[in-house]
Protein chains: 2
Amino acid sequence: MNLYSYFRSSASWRVRIALALKNLPCQYHGVHLVRGEQLTHAQLGAAHLLPALWVGSERITQSLAILEYLEEAHPTPALLPQDPFERAYVRSLALDIACEIHPLNNLRVLKYLKAELAVDEEAKNAWYRHWVEAGLAVVEERLRTEGRSGRFCLGDTPGMADCVLVPQVFNAQRFAARIDHLSAVLAVFEACMALPAFAQTHPSQVPDAE
Amino acid sequence: MNLYSYFRSSASWRVRIALALKNLPCQYHGVHLVRGEQLTHAQLGAAHLLPALWVGSERITQSLAILEYLEEAHPTPALLPQDPFERAYVRSLALDIACEIHPLNNLRVLKYLKAELAVDEEAKNAWYRHWVEAGLAVVEERLRTEGRSGRFCLGDTPGMADCVLVPQVFNAQRFAARIDHLSAVLAVFEACMALPAFAQTHPSQVPDAE
């Protein structure tokens, strides 16, 4: 397998974690998004978004579709539990982040705010923090009230929701979002970062890190 | 099952289509988002977003997690194909819409633009159209170039990607986005709307329609 990734892309990091949790060998290719570095259309697909995973001659885009593929093709260790409602819980937590937080804070969205709406740096950062703070507060409440979390988002085994949560918390900290009070989220983050699959795929640890 | 939905919510419509394609009986509950109508916290979950599907005493949130649940619990007729790369294609198309278009055009985001960034009506509508036009252009290119589409997003059977595409096209038309040139997208939309599962769950056809 070949992964096209950008060290700081949180969607790319989700996939790096899943590959590491499953001990799957994969060739890493760093693509510098901020410099506007372009791979060929074929490498990244129509959306030109990262990550893209190549499996032989097949290209898979969208990080959550990649995670589902990896889970089905390489079921052990599992990123999803067996129980149907626990599966739905894990997927919905992942989507609470992947659909409600991350898309609003994408590089291309921040660029639009600046270029098209003349939003200044302070208001842009406030936008960023608003969505990450509101979104992670939802995750916090779910971890606290739904009775399914343990050391990780679901019980004591890291899984798909943790793959998505950890890069988002990293982003929140990078932009100085106020999340110190989200103690359940931060406890899961710390438990994850104690594992090699998370620590060794951290943006600072990959080949294209700066 | 009980579905909490808002007639105009495209995420709710995704689930209505899936339930209809699978012929699953479900009690419909309309919740008026724009009027700020609130159900109890328990009914909608921490995020207070629609849709929420109740299966007995279990609440499932996030439309794509609901679709995956329905697919696993009620596999026939299938919303996902068997081939692993075709599954990834369908899921990634669904996510191209659910992650790259829809979150940017959510009601709460439009409210933030207006209230916090003082964006006027014209610029707000331009924002809306920008993301839907750019995002659906990606879908168009994928339908045209990846060799997997037919009458529907994948071959000649409606599935998960169609459940997500159709409500987004409806939104695009409602906001007068320029998508007339996206002939592959529009052909799939028309093919879907010719089916009762899509037509009978259209926002104008549900109990809370206005």
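Calculation criteria
Residues numbered from 1 in each chain as written. Chains lettered and ligands numbered in written order. Predicted model: local features only at pLDDT ≥ 70, side-chain atom pairs only at ≥ 80, totals over all residues. Heavy atoms only, no water. Helix = DSSP H or I, 4+ residues; strand = E, 2+ residues; numbered from the N terminus. Rg over C-alpha atoms; globule rule 2.2 N^0.38 Å. Buried < 20%, exposed > 50% of the residue type's maximum accessible area, 1.4 Å probe, protein only. Pairing = 2+ DSSP bridges. Axes fitted to C-alpha atoms, helices over the stretch in contact; angles between N-to-C directions. Contact = heavy atoms within 4.5 Å. Core = buried A, V, L, I, M, F, W, Y, C linked by side-chain atoms within 4.5 Å. Buried area = accessible area lost by both parts, 1.4 Å probe. Salt bridge = Lys/Arg side-chain N within 4 Å of Asp/Glu carboxyl O. Polar contact = N/O pair within 3.5 Å; in protein donor to acceptor, adjacent residues only side chain to side chain. Least-squares fit on C-alpha atoms with pLDDT ≥ 70 in both. Phe/Tyr/Trp six-rings, centres within 6.5 Å; stacked < 30°, edge-to-face > 60°. Domains from an automatic or database assignment. 1 Å grid on protein atoms, 1.4 Å probe; cavity = no way out; pocket = protein on both sides within 12 Å on 5 of 7 lines; lining within 4 Å. Points joined across faces, edges and corners; volume = space filled by probe spheres on them. Nonpolar A, V, L, I, M, F, W, Y, C, P; charged D, E, K, R; others polar.

Draft legend 1. Representation of the overall build of chain A within the structure. A tally of helices and strands in chain A yields 9 helices and 4 strands. Secondary structure elements of chain A occur, N-terminal to C-terminal, as β-α-β-α-β-β-α-α-α-α-α-α-α. Since a compact globule built from 210 residues should have a radius of gyration of about 17 Å, the 17 Å found for chain A is in line with a globular shape. If you line up chain A on its principal axes, its C-alpha atoms span 45 × 45 × 30 Å. By the burial criterion, 59% of the 210 residues in chain A qualify as buried.

Draft legend 2. Molecular detail of the sheet that holds strand β2 (residues 27–30) of chain A. Residue and element names in this part refer to chain A. Strand order across the open sheet formed by 4 strands is β2-β1-β3-β4, with mixed pairing between neighbours. The two strands at the open ends of the sheet, each matched to only one other strand, are β2 and β4 (58–61). Taking the axes of each pair of neighbouring strands and ignoring which way they run, one obtains an average angle of 20° across the sheet. Pairing between strand β1 (residues 2–5) and β2: 4 bridges, direction parallel. In the strand pairing of β2, Tyr 4 is matched with His 29. Seen against the sheet, helix α1 (residues 10–21) touches β1 and β2 and runs at an angle of roughly 150° to β1.

Draft legend 3. Region of interest: the nonpolar core. Grouped together as the largest cluster of nonpolar side chains are 156 residues, with contacts concentrated most on Trp 127 and Leu 136 of chain A together with Trp 127 and Leu 136 of chain B. Residues within four places of Trp 127 of chain A in sequence aside, it is in contact with Leu 104, Asn 105, Val 109, Leu 110 and Leu 113 of chain A together with Val 109, Tyr 112, Leu 113, Leu 117 and Trp 127 of chain B.

Draft legend 4. Structural view of the interface of chain A and chain B. Listed as interface residues are 45 residues of chain A and, on the opposing side, 45 residues of chain B. Interface of chain A and chain B: buried area, both sides summed, is about 4000 Å²; carbon and sulfur atoms make up 63% of it. The largest share of the area that chain A buries against chain B comes from Gln 62, Phe 85 and Tyr 112 of chain A, three residues that together contribute 15% of it. If you look at where chain A meets chain B, you find 12 salt bridges. Linking Glu 72 of chain A and Arg 91 of chain B is a salt bridge whose minimum nitrogen-to-oxygen distance equals 3.2 Å. On inspection of chain A and its partner chain B, the count reaches 14 residue pairs in polar contact (both at pLDDT 80 or more). When residues of the side of chain A that touches chain B are traced back to their parent elements, those giving at least two are β4, α3 (63–73), α4 (84–98), α5 (107–115) and α6 (121–145) of chain A.

Draft legend 5. Examining the relation of the copies chain A and chain B more closely. Mapping chain A onto chain B leaves a residual RMSD of 0.0 Å; the transformation is a rotation of 180° accompanied by 0.0 Å of translation along its axis. Within this description, the copies of the chain are treated as partners about a two-fold rotation axis. Scanning chain A for the C-alpha nearest the rotation axis identifies Cys 99 of chain A, at a separation of 2.5 Å. Comparing interface residues between copies, 100% of those in chain A also sit at the interface in chain B, which points to an isologous, same-surface contact.

Draft legend 6. The arrangement of the packing of aromatic side chains in detail. Residue and element names in this part refer to chain B. Tallying each qualifying case throughout the model produces 15 aromatic pairs over all chains. Ring centres of Trp 127 and Trp 131 lie 5.6 Å apart, and the angle between their planes is 75°; on these two criteria the pair is classed as edge-to-face. Separated by 4 residues within a single helix, Trp 127 and Trp 131 lie in helix α6 (residues 121–145), roughly one turn from each other. The same class applies to Trp 127 and to Trp 131, which are both buried. Relative to Phe 175, the ring of Tyr 128 has its centre 3.6 Å away and its plane inclined at 10°; by these criteria the two rings are stacked. Placement of Tyr 128 in helix α6 and of Phe 175 in the loop between α7 (160–174) and α8 (183–193) is noted, with a sequence separation of 47 residues between them.

Draft legend 7. Fine view of the sheet that holds strand β3 (residues 52–55) of chain B. Residue and element names in this part refer to chain B. Across the sheet, 4 strands lie side by side as β2-β1-β3-β4; this open sheet has mixed pairing. Bordering the open sheet on either side are β2 (27–30) and β4 (58–61), each of which pairs with just one other strand. On average, each strand axis in the sheet is inclined to that of its neighbour by 20°, with strand direction left out of account. Sheet topology note: the strand β1 (residues 2–5)/β3 ladder contains 3 bridges and is antiparallel. For Tyr 4, the partnering residue across the bridge sits in β3 and is Ala 52. Most of the contacts of helix α1 (residues 10–21) go to β1, to which it runs at about 150°, and overall it touches β1 and β2.

Draft legend 8. Highlighting the domain arrangement of chain A. Residue and element names in this part refer to chain A. Domain boundaries in chain A define domain 1 (2–77 + 198–205) and domain 2 (84–196). When each unit is reduced to the centre of its C-alpha atoms, the spacing between domain 1 and domain 2 is 19 Å. Interface of domain 1 and domain 2: buried area, both sides summed, is about 1900 Å²; carbon and sulfur atoms make up 72% of it. Sorting the residues of domain 1 by area buried against domain 2 places Arg 14, Leu 64 and Phe 198 first, and these three jointly supply 33% of that buried surface. Between domain 1 and domain 2 we count 1 salt bridge in total. As a salt-bridge pair, Glu 68 and Arg 91 come within 2.8 Å of each other at their nearest N and O atoms. Counting residues per element, the ones that place at least two in the side of domain 1 that touches domain 2 are α1, α3 and α9 (196–199).

Draft legend 9. Broad picture of empty space enclosed by the protein. Inspection of the entire model under this criterion finds 1 cavity of 30 Å³ or more. Empty space within the largest cavity amounts to approximately 150 Å³. Looking at the largest cavity, it is lined by 13 residues, and the ones nearest its centre are Leu 64 and Glu 68 of chain A together with Leu 64, Glu 68 and Leu 95 of chain B. For the lining of the largest cavity, the elements supplying multiple residues, two or more each, are α3 and α4 of chain A together with α3 (63–73) and α4 (84–98) of chain B. Residue composition of the lining of the largest cavity, grouped by class: 9 nonpolar, no polar and 4 charged.

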